[in-house]
Amino acid sequence: MTPPVNTAITPSLLPTYKRAPMELVGGEGVELIDSEGKRYLDFTSGIAVNALGYGDAGLQQAMKAAAEGLIHVSNLFRTAPGEQLADKLVQLSFADRVFFCNSGAEANEGAFKIARRWARGIGGPAKHEIIAFRGSFHGRLFGTLAATDRPNYRMPFRPLAGGISIIERDIEDLDLALNAETVAAVILEPIQGEGGMRVLDTEFVRRVRELTKARQIALIFDEIQCGLGRTGRVFAYEEIGVTPDIMTLAKPIAGGLPMGAILASEVVASAMQPGDHGTTFGGGPFVASVALHVVDRLSDPRMLAHVREVGAHARAGLEAMMERSDRIRAVRGRGLMLGIDVTEPAAEVIARAREAGLLLVSAGDHTIRLLPPLVITAADVTRGLKILEAALAG
Ligand SMILES: Cc1ncc(COP(=O)(O)O)c(C=O)c1O
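About the cut-offs
Residues numbered from 1 in each chain as written. Predicted model: local features only at pLDDT ≥ 70, side-chain atom pairs only at ≥ 80, totals over all residues. Heavy atoms only, no water. Pairing = 2+ DSSP bridges. Helix = DSSP H or I, 4+ residues; strand = E, 2+ residues; numbered from the N terminus. Axes fitted to C-alpha atoms, helices over the stretch in contact; angles between N-to-C directions. Salt bridge = Lys/Arg side-chain N within 4 Å of Asp/Glu carboxyl O. Buried < 20%, exposed > 50% of the residue type's maximum accessible area, 1.4 Å probe, protein only. Contact = heavy atoms within 4.5 Å. Polar contact = N/O pair within 3.5 Å; in protein donor to acceptor, adjacent residues only side chain to side chain. 1 Å grid on protein atoms, 1.4 Å probe; cavity = no way out; pocket = protein on both sides within 12 Å on 5 of 7 lines; lining within 4 Å. Points joined across faces, edges and corners; volume = space filled by probe spheres on them. Nonpolar A, V, L, I, M, F, W, Y, C, P; charged D, E, K, R; others polar. Phe/Tyr/Trp six-rings, centres within 6.5 Å; stacked < 30°, edge-to-face > 60°. Core = buried A, V, L, I, M, F, W, Y, C linked by side-chain atoms within 4.5 Å. Domains from an automatic or database assignment. Expected span 1.5 Å × (residues − 1).

Peer 1: Sorry if this is basic, but what is going on with the sheet that holds strand β6 (residues 164-167) here?
Peer 2: Across a sheet, strands are paired by hydrogen bonds formed along the backbone, either parallel or antiparallel in direction. Ordered in space as β4-β12-β11-β10-β7-β5-β6, the 7 strands form an open sheet in which the pairing is mixed. Whereas interior strands pair on both sides, the edge strands pair on one side only; in this sheet they are β4 (97-101) and β6. Each strand of the sheet is rotated relative to its neighbour by a mean of 20 degrees, with strand direction disregarded. Taken together, the 3 bridges between strand β5 (residues 129-133) and strand β7 (residues 183-188) define a ladder with parallel strand orientation.

So, in structure tokens, the structure goes:
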């Protein structure tokens, strides 16, 4: 076994993460490089962020060009890149209006505010509840944590924000929970990421749409992990054939720079007035210029076709592996958002794969996520799956 590199993590950092021991210093294509020069094939993409991989020439050029211009001026003033990016996202989606922020959790918090503002306008203050589903992950701030189905993340921080509850992914439960007088919004991930790469049943999501529409309840799709090309469509909702009232994006949108976005239809967005929401950094010219490049690349039909093709190759490889190995219980996901359930603790398989040069991330105790850069080739997928299979065999 190679000795771990630089295990001495500084005590200056708050110990909220169990970090892998090696120190990463560089990257090239779909590989990361540590301080001892060891290369790792990356099936994490910085948790679904680095869609274009590492050292991408177009992204570097976009960053250099953006750095020549204004970095930040605040939302007191107009700047072109943010306006162009909003136009682009509107053009690509169901939405009419966009608000930019700085992370996924912040986007969902803002989405809750927009939904409540709109619902209050039609139903008064009683119409304020937000409903999320079993298996959900919407973020770690107080509102989003209340909508996140992870008891160990929630318990130490109670009381969480009020008026937010989690119900089963069951249409009868939903029917009972969706009181038109009291519910403002329903939030769901079309494909649950941290909850185990679970593709929600299409009929279920369609029924959620019907019920929310009939009862004047806003439907929020959290596409922070599954949106922007990851599934082989620009947005995962395209596959379901229904549109939400609000959608949140983040992760890959600005090539690794922090950015989130809330997209909304005119009906709900029109409830928001100057002063109702804000953030100092949101949609600044530097980050928005870079995001314009990234969104163009990720919405290119050739990129989407590539993700579908390589995603199908990865899925077929995982299914074949499941046939051969009794250590895989299930294969799930869509495009290059894939997960496997394993019989032993996911962390142990992940540690062995890392030693052998493959980076993976878990989703719960027994699920491993495969989230490679979207530019990965079929050959690199095959290479990674071989390492994974050997790591599973222990
Ligand atoms: C579906 C989903 N929503 C929200 C979030 C929170 O995003 P952030 O970590 O940028 O706050 C995540 C992050 O993993 C996510 O996967």
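The rest of the description comes next.
Peer 1: Looking at this structure, how should I read the pattern of salt bridges?
Peer 2: Any two side chains of opposite charge can pair, on the condition that their charged atoms come close. A complete count under the given rule lists 23 salt bridges for this structure. Between R117 and D276 there is a salt bridge; the shortest N-O distance is 2.6 Å. Taken together, the residues span a long stretch of sequence, with R117 in helix α4 (residues 104-123) and D276 in the loop between α10 (266-269) and α11 (285-298) at a distance of 159 residues. Overall, the relative accessible area of 34% leaves R117 in the partly exposed class. With a closest N to O distance of 2.9 Å, R209 and D245 form a salt bridge. Of this pair, R209 sits in helix α8 (residues 202-214) while D245 sits in the loop between α9 (237-240) and β11 (246-249), and the two are 36 residues apart along the sequence. Note on accessibility: R209 and D245 belong to one class, buried.

Peer 1: Help me understand the environment of K127 in this model?
Peer 2: When you line up the elements, K127 lands in the loop between α4 and β5. In this structure the C-alpha to C-alpha distance between K127 and E181, which are 54 residues apart in sequence, comes to 5.5 Å. In contact with K127, not counting residues within four places along its chain, are A119, R120, I122, A180, E181, T182, V183, A184, R215, Q216 and I217. A polar side-chain atom of K127 sits 2.9 Å from the main-chain carbonyl oxygen of V183.

Peer 1: Just checking my understanding: could you explain empty space enclosed by the protein for this structure?
Peer 2: Empty space among the atoms becomes visible once a probe the size of a water molecule is rolled across them. For the structure shown, the criterion picks out 2 cavities of 30 Å³ or more. P190, I191, V199, L200, T202, A236, I240 and R334 together form the lining of the largest cavity. Counted by class, the lining of the largest cavity contains 6 nonpolar, 1 polar and 1 charged residues. Its volume calculated, the second largest cavity comes out at about 40 Å³. If you go around the second largest cavity, the residues you meet are F43, A314, L336, L338, L370, P372 and V381. Taken together, the residues of the lining of the second largest cavity sort by class into 7 nonpolar, no polar and no charged.

Peer 1: Is there a simple way to think about the packing of aromatic side chains in this case?
Peer 2: What describes a pair of aromatic rings is the distance from one ring centre to the other and the angle between the planes of the rings. Evaluated as defined, the whole model comprises 5 aromatic pairs. Where F137 meets Y153, the ring centres are 6.2 Å apart and the plane angle is 85 degrees; that geometry is what we call edge-to-face. On the criterion of sequence distance, the pair formed by F137 in the loop between β5 and α5 (142-146) and Y153 in helix α6 (residues 151-154) is long-range, its members being 16 residues apart. Residue F137 is classed as buried on the basis of its relative accessible area, which comes to 17%.

Peer 1: Is there a simple way to explain the layout of surface pockets in this structure?
Peer 2: Within this model, the second largest pocket holds a volume of roughly 1,000 Å³. Forming the walls of the second largest pocket are 36 residues, and the residues nearest its centre are N75, R97, V98, F99 and F100. For the lining of the second largest pocket, the elements supplying multiple residues, two or more each, are α3 (80-92), β4 and β12 (260-264). In terms of residue count, α3 provides more of the lining of the second largest pocket than any other element does, 5 residues in total. Considered class by class, the residues forming the lining of the second largest pocket number 15 nonpolar, 15 polar and 6 charged.

Peer 1: Would you explain unusual backbone geometry in this entry?
Peer 2: Peptide bonds are trans in most cases, and residues, glycine excluded, mostly fall at negative phi. The step from R158 to P159 runs through a cis peptide bond, and the omega angle for that step is 0 degrees. Positionally, P159 belongs in the loop between α6 and β6. In this structure, M197 takes a positive phi of about 55 degrees despite not being glycine. Even without being a glycine, K251 presents a positive backbone phi close to 20 degrees. Of note, K251 is situated in the loop between β11 and β12. According to the relative accessible area criterion, K251 is partly exposed, its value standing at 22%.

Peer 1: What is the right way to look at the nonpolar core in this model?
Peer 2: One recurring pattern in soluble globular proteins: nonpolar side chains tend to sit buried together. By size, the foremost hydrophobic cluster in this structure holds 80 residues, and its most contacted members are L85, L89, I253, M259, L318, L360 and L388. The greatest single-element share of this core, amounting to 9 residues, is contributed by α11. Built from parts of two domains, this core gets at least three residues from each of domain 1 (24-56 + 301-393) and domain 2 (69-298). Once you skip the residues sitting within four places of it in the chain, L388 turns out to touch L318, M321, I340, V349, L358, L360 and L370. In terms of nonpolar packing, the next biggest core, distinct from the first, is built from 27 residues, A146, A185, I246 and V268 among them.

Peer 1: Please clarify how α8 should be interpreted in this entry.
Peer 2: An α-helical turn contains 3.6 residues, so any two residues separated by three or four positions project in the same direction. With 13 residues, α8 should reach 18 Å at 1.5 Å per residue; the first-to-last C-alpha distance of 18 Å fits that figure. Among the residues making up α8, those that are buried are F204, V205, V208, R209, L211 and T212. Considering only its buried residues, α8 is in contact with β5, α7 (171-177), β7, β10 (218-222) and α9. Downstream of α8 by a residue or two, Q216 has a phi angle that is positive, lying close to 50 degrees.

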